[in-house]
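Here is what each chain is made of, one letter per residue.
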Amino acid sequence: MQSLTIRDTVLENLDLFNATVKEDVVIERVRGGTLKISVKEGARNFVLKDSQIYGDANAICSVYAGAFNTLLIENNIFGGGPGKRTGIGGGFEPGDKSPQPVLTQSLVFRNNKIPSLRSGRLNAAQVLLEGNAIDSLELQQGRIGSLKIVGNTISRSVDFTNTQVKESNVQSLANGQAKLEGSNIKLN
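An account of the accompanying structure is given in this report. Predicted model only: the values in this text are computed from it and were never measured.

**Remarks on the pairing of strand β10 (residues 113–118)**
As defined by bridge partners, strand β8 (residues 86–89) adjoins β10 across two bridges and the pair is classed as parallel. From the neighbouring strand, G87 faces β10, where its bridge partner is R118. Note that β10 and strand β12 (residues 133–138) share five bridges and pair parallel. When the bridges of β12 are listed, K113 appears paired with A133.

Quick look at the structure:
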């Protein structure tokens, strides 16, 4: 595909596994079950805005971040329950010792309600989480240039295991809330 835009739609399942998209994937004002956006690397932008994604018995939402130059996830409500995670990450292979190029220039999560967010194995220049309501956050095994986590409500755990950043600005977290093993992230 050259690009894909879905607006003002109710859908049960959108599965773009191994699809090729040259430019943008834009999803706005959508209500539905599951999103599986695992397109091949080389796309330009991914936008998911003003949507309600509730998932099904097996999954909620998964997006391969390494496929896109920029990602904007804004003003969404993600469903969930015990063991159900929204996964938006990827692009870094921890076991690969050769130099790995930065695949994602910008990843922004703003004003979302996410019960459980797994955004691991990122290889990104900039990552911003701002104004979100998150029960638990996993940001593991990534390589990030600038990480900014500000103004969020994070109810339970934050896991930064084995994530390396060049610079970070992370909001205050409750004592013992963050797991930092193998990470160089400094908490405020």
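**Some words on the pattern of salt bridges**
Pairing between side chains of opposite charge can happen when the charged atoms of each approach one another. Under the counting rule described, the total for this entry stands at eleven salt bridges. With its nearest N and O atoms 3.6 Å apart, the salt bridge here joins E74 to K49. In this pair, E74 sits in strand β6 (residues 68–74) while K49 sits in strand β3 (residues 43–49), placing the two residues 25 residues apart along the sequence. Exposure remark for E74: the relative accessible area of 11% places this residue in the buried category. Residues E138 and R85 are paired through a salt bridge, measuring 2.9 Å at the closest nitrogen-oxygen approach. Separated by 53 residues along the polypeptide, E138 in strand β12 and R85 in the loop between β7 (77–78) and β8 bring together distant segments of the chain. For E138, a relative accessible area of 17% gives the class buried. Relative accessible area serves as the criterion here: at 39%, R85 is assigned to the partly exposed category.

Quick notes on the rules
Residues numbered from 1 in each chain as written. Predicted model: local features only at pLDDT ≥ 70, side-chain atom pairs only at ≥ 80, totals over all residues. Heavy atoms only, no water. Pairing = 2+ DSSP bridges. Helix = DSSP H or I, 4+ residues; strand = E, 2+ residues; numbered from the N terminus. Salt bridge = Lys/Arg side-chain N within 4 Å of Asp/Glu carboxyl O. Buried < 20%, exposed > 50% of the residue type's maximum accessible area, 1.4 Å probe, protein only.

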